[in-house]
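Descriptive analysis of the structure
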Amino acid sequence: MKWKRATTVEVKYHGSAQQQVCPATGRNLPNNNRNTNATRHDGMRTAQQQVSWINPATESEMAFRKIAGGTILLGGSTLTILGLSQIVDYWSYRTRLSNVQASEQLIRNYIPNQLPSREAQLSTLKTTKEFDVLVVGGGATGSGCALDAVTRGLKTALIEREDFSSGASSKSTKLIHGGVRYLQKAFMNLDIDQYKLVKEALMERANLLDVAPHIAKQLPIMLPLYKWWQFPYYWAGIKMYDFVAGSQCLKRSYVLSKSRALELFPMLKKDQLVGAIVYYDGQQNDARMNLTIALTAARYGAAIANYVEVVSLLKNKDLDTGKEYVCGAKCRNVETDEFFDVKAKCVINATGPFSDSLRQMDDEKVEKICRPSSGVHIVLPGYYSPESMGLLDPATSDGRVIFFLPWEKVVIAGTTDTPTEVTSKPIPHEEEINFILSEIRNYLNPDVEVRRGDVLAAWSGIRPLVSDPNSKDTQSISRSHIVQVTDSKLVTIAGGKWTTYRKMAEDTLDAAVEACNLNFAKPCMTIGLQLEGSQKWTPTLYISLVQYYGLGPEVAHHLTSTYGDKALQVAKLAQVTGKRWPIVGKRLVAEFPYIEAEVRYAMKEYACTAIDIIARRTRLAFVNVQAAEEALPRIVEIMASELNWTEKRIQDELKAVQQFLYHEMGYKARFDQLTNAEINLSPLDMDRYTTRFHKFDKDQKGFITTIDLQRVLESAGYQVDEQTVHEILHEVDMNKNGQVELIEFLQLMSAIREGSVSGSRLAILMKSAEENLSKAGPIPVHRSGGGL
């Protein structure tokens, strides 16, 4: 029996895979069948794909074997139905993978070497007569749509108003997950849509870990239990999470005794702990993953450009019906202020929380569908958590969940979930930061003093939720996505979650193909399609960088886990350190493995501004704001040399990054902690700190400068380079006038005593110098882990 492809396009919510029905039998069809069979082609491993359908008899036979294997023995009608559902989904997924064959067109379009420059991409956008698809929005969903479209054989363009992943896609919890709490709601509320969302996300989780293994990894997450009755409740829920994942389960969850839980997570609060449950989810470098998807689309021939915004939509009139339809967009190059038109048969709106803005360009009277929600995260020093174990607080004081996860040698804690207004520059507020800190204290040992001053960075991301316009409770809104096609054929994809970006893109392109008569397009080709950098990556690739290039192991591992097999190209750009070891790889800051060569390489990946590099090509701004500020001058210096920036552009870049760090990455909250701090010191402490200050301010000016600090350090026998002295003073110089006044110093010491500031190098340095003026010896000048 031969099946014909049957597709429908509807304006509706999509919580799971859209089913296609065989007109002859009425059976649900698998969408298209693929696998990750990979062959060598010009030295590159590329997923090679073609579509075939499952024979009904074969499907039944395979399902029967699975049932016979014991699934139906789970018992109970509900579990039996779920088991049968798992069988169908498993074989649908496996068959889609197992029938992937060579697609010559896909291979022929692949660009194996250097990507086209940004100038070349812009030229393609301006000179191409008409694209098949124009995707607006360079986040995870938009980049996924571009990759889906171009691998279907469609002439594709992707434009982004700022940088790729500049919005919520770089400000997530960094998890690739199905959503434990969504599954809980599914069963508690008998909500089939939530269940489908979780099941779909778990399938996508497995695919993402497979196609980008250098960026994504498995992460065990501990759920500590403090009451005996919680064991059966949470055990059943976590086991159901494993069960719903089916064959895509990463590793089975398990139970820990109290002693074993404390052994694996010694920071846990011991009192009343009865044990723990550990389950597995995925983790990623979200901004890097987003960029990787966009670069993969470019590899397959898509014209992609950041810093290109849509000014208005272009429309033509259908001569037969008299109706207007969208046929492209009038665009502006943000960098040069140049305007140009991009024509396309189909325009896809994938602008996340800004979806309504583009929809209103199409129809100014259209009802809004986006219900934005703010999610704040904070970053703490790495010693707050084990390196390879996360923590889940399943029930915070306001009924939400908080994750506590190791990432990039630091610890991420979050998130909040608060209705907000749409803005391109969301700010983390002090009350949200303190809420997260207070929840963390409930689970950590009293020996671990959770201090406000330990916050290294903080950010807010806006989730593009969609809901009933009358609903105000974002907590109850499903993360399902909606695909909408207007009468003018503008295709909008809104809602959803990071993990399901690929399925969202597939649903969007399916709708676009039918709505815009792109019938020559191939079926979706993205399951199992290897992403940029994964083709030749292996877990031990970093050793080659150490042995053949002379990079340090930490830097080498960082490069391979960020760029995959493209790390070799970054290594070739690395400069000699002048040290015995490592031979090459000058770091931007001492504590983190980011090197200067990454700045040069970033411009080949379309980085245009210093923020692009400090926040998304590297993640310095997300792991430590002070470190990012210290690296800024060198980053700008390298970019100015490569891009021939004028002095005005250099100053503009420095100011832009400082504003970004100040407002969007938590520096403002730190500034407020010091400038608004009352001086709560005892008379004895006040005298002691004033005396210490005047030992540095020998001229009794009322302030100290870098010259004062350097003079005292030299008299005490300490050797600290001038740049480091400037950085140390800059940390405390709140009004940025190049000096620290007595009142600023006393505010600093008071804030340290109260725990709102920690790890101040100036305070430690002055104390050590005071105690050792008659001695000579080494003094620590690196950050101790404290931050905002």
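Residues numbered from 1 in each chain as written. Predicted model: local features only at pLDDT ≥ 70, side-chain atom pairs only at ≥ 80, totals over all residues. Heavy atoms only, no water.

What follows is about the overall build of the protein. In terms of helices and strands, the protein carries 27 helices and 25 strands. In the protein, buried positions account for 59% of the 788 residues. When contacts within the protein are restricted to residue pairs at least 6 apart in sequence, those whose partners lie at least 24 apart make up 74%. Accessible surface, the protein as shown: approximately 32,100 Å² in total, 52% of it carbon and sulfur. (Helix = DSSP H or I, 4+ residues; strand = E, 2+ residues; numbered from the N terminus. Buried < 20%, exposed > 50% of the residue type's maximum accessible area, 1.4 Å probe, protein only. Contact = heavy atoms within 4.5 Å. Areas by Shrake-Rupley, 256 points an atom, 1.4 Å probe, with all protein chains shown as cover.)

The next subject is the nonpolar core. Counting residues in each nonpolar core, the largest one holds 54 residues, and the members touching the most others are V133, M289, I348 and L531. Every element with two or more residues in this core is listed here: strand 6 (131-136), helix 5 (140-151), helix 7 (192-211), helix 10 (286-299), strand 15 (338-349), strand 22 (481-485), strand 23 (490-495) and helix 13 (501-515). No other element matches helix 13, which puts eight residues into this core. Beyond its immediate chain neighbours, meaning those up to four positions away, L531 contacts L147, L208, V211, A212, M289, T292, I293, T296 and Y501. W407, M603, A610 and F622 belong to the second-largest nonpolar core, a separate cluster that totals 42 residues. (Core = buried A, V, L, I, M, F, W, Y, C linked by side-chain atoms within 4.5 Å.)

To continue, consider helix 6 (residues 180-188). Buried within helix 6 we find R181, Y182, L183 and A186. As for helix 6, its buried residues are in contact with helix 7 and helix 8 (230-245).

Between side chains of opposite charge, a pair can form as their charged atoms come close. Scanning the model with the defined rule gives 37 salt bridges in all. Overlapping salt bridges bring together D163, D612, R616 and R617 as one network. (Salt bridge = Lys/Arg side-chain N within 4 Å of Asp/Glu carboxyl O.)

This part takes up the packing of helix 26 (residues 742-754) against helix 27 (residues 761-771). Direction vectors running N to C along helix 26 and helix 27 enclose 100°, while the axes themselves pass 10 Å from each other. With respect to their mutual orientation, helix 26 and helix 27 come out roughly perpendicular. Of the residues in helix 27, those touching helix 26 at F745, L748, M749 and I752 are L762, A763 and M766. The class makeup of the residues in the contact of helix 26 with helix 27 is seven nonpolar, no polar and no charged. (Axes fitted to C-alpha atoms, helices over the stretch in contact; angles between N-to-C directions. Parallel < 35°, antiparallel > 145°, perpendicular 65-115°, else oblique. Nonpolar A, V, L, I, M, F, W, Y, C, P; charged D, E, K, R; others polar.)

In this section: the packing of aromatic side chains. All chains considered together, the criterion is met by 11 aromatic pairs. Aromatic pair Y383 and Y384: ring centres 5.3 Å apart, planes at 20°, arrangement stacked. You can call Y383 partly exposed: its relative accessible area is 43%. Arranged with centres 5.8 Å apart and planes meeting at 75°, the rings of W498 and Y501 form a pair that is edge-to-face. With a relative accessible area of 12%, W498 lands in the buried category. On the basis of relative accessibility, which here comes to 5%, the residue Y501 falls in the buried class. The ring of F622 carries R619 above its face, with NZ or CZ at 4.4 Å from the centroid. Lying over the aromatic face of F703, K701 brings its terminal NZ or CZ to 5.4 Å of the ring centre. (Phe/Tyr/Trp six-rings, centres within 6.5 Å; stacked < 30°, edge-to-face > 60°. Lys NZ or Arg CZ within 6 Å of the ring centre and 35° of its normal.)

Next up on the list: helix 20 (residues 625-643). Between its first and last C-alpha, helix 20 extends 25 Å over 19 residues, near the 27 Å set by a 1.5 Å rise per residue. The largest bend along helix 20 reaches roughly 40° and is located at L632, with the proline P633 sitting one to four residues downstream. Its side-chain oxygen at 3.0 Å from the backbone nitrogen of Q626, N624 defines the N-terminal cap of helix 20. (Expected span 1.5 Å × (residues − 1). Bend = angle between axes of the 7 residues up to and from the residue. Polar contact = N/O pair within 3.5 Å; in protein donor to acceptor, adjacent residues only side chain to side chain.)

What follows is about the packing of helix 5 against helix 10. Running from N to C, helix 5 and helix 10 point in directions that differ by 25°, and their axes come no closer than 8 Å. The orientation of helix 5 relative to helix 10 falls into the category roughly parallel. Crossing handedness for the pair helix 5 and helix 10: left-handed. Touching A140, S143, G144, A146, L147 and V150 of helix 5 are N290, I293, A294, T296 and A297, all from helix 10. (Left-handed = near helix turned anticlockwise from the far one by under 90°.)

Let's shift gears to the side chain of T151. Looking at the secondary structure, you find T151 in helix 5. Take T151: its relative accessible area is 0%, and that puts it in the buried class. Among the polar contacts listed, one links the side chain of T151 to the backbone oxygen of D148, at a separation of 3.1 Å.

On the surface, a cluster of nonpolar side chains totalling about 380 Å² of accessible area is made up of M188, W229 and Y233. Residue position: Y233 is located in helix 8. The exposure class assigned to Y233 is partly exposed, which follows from its relative accessible area of 37%. (Patch = residues over 30% accessible without salt bridge, like charges linked within 9 Å, V, L, I, M, F, W, Y side chains within 5 Å.)

Next up on the list: the pairing of strand 11 (residues 275-283). Burial analysis of strand 11 places nine of its nine residues in the buried class, the great majority of the element. Pairing analysis gives two bridges linking strand 8 (residues 175-176) to strand 11, with the strands arranged antiparallel. Pairing of L175 across the sheet is with Q283, part of strand 11. With nine bridges connecting them, strand 9 (residues 217-225) and strand 11 associate as antiparallel partners. (Pairing = 2+ DSSP bridges.)

To continue, consider the confidence of the model for the protein. Looking at the protein as a whole, the pLDDT averages 83, with 81% of positions reaching at least 70. Taken as a whole, residues 1-79 scores under 50 in pLDDT and shows 189 contacts with residues more than four places along the chain or in a different chain. Note on residues 98-102: pLDDT under 50 across the span, and 21 contacts to partners over four residues away in sequence or across chains. (pLDDT = per-residue confidence, 0-100.)

This paragraph deals with the environment of A511. As for its position among the elements, A511 is in helix 13. Judged by relative accessible area, A511 falls into the buried class, the value being 7%. A C-alpha to C-alpha distance of 7.7 Å links A511 and V491, two positions 20 residues apart in sequence.

In this section: unusual backbone geometry. In this model, G414 is joined to T415 through a cis peptide bond whose omega is 25°. Looking at where T415 falls in the secondary structure, it is placed in the loop between strand 19 (410-414) and strand 20 (418-419). The omega torsion across W581 and P582 is -5°, close enough to zero to call that bond cis. Within the secondary structure, P582 sits in the loop between helix 16 (567-572) and helix 17 (596-602). The backbone phi angle of K174 is positive, close to 75°, even though this residue is not glycine. Here K174 is to be found in the loop between strand 7 (156-160) and strand 8. Note on K174: relative accessible area 0%, which makes it buried. Positive phi outside glycine occurs at N517, with the angle close to 60°. Note that N517 resides in the loop between helix 13 and helix 14 (541-549).

Okay, the pairing of strand 12 (residues 303-306) next. In summary, the side chains of a regular strand alternate between the two faces of the sheet. Going residue by residue along strand 12, you find A303 and A305 tucked away on one face and I304 and N306 tucked away on the opposite face as well. Relative to strand 12, strand 7 runs parallel, the two being bridged by four bridges. Counterpart to I159 in the pairing with strand 12 is A305.

Examined against the element boundaries, I611 turns out to sit in helix 18 (residues 610-617). Note: C-alpha distance between I611 and V657 (46 residues apart in sequence) is 5.7 Å.

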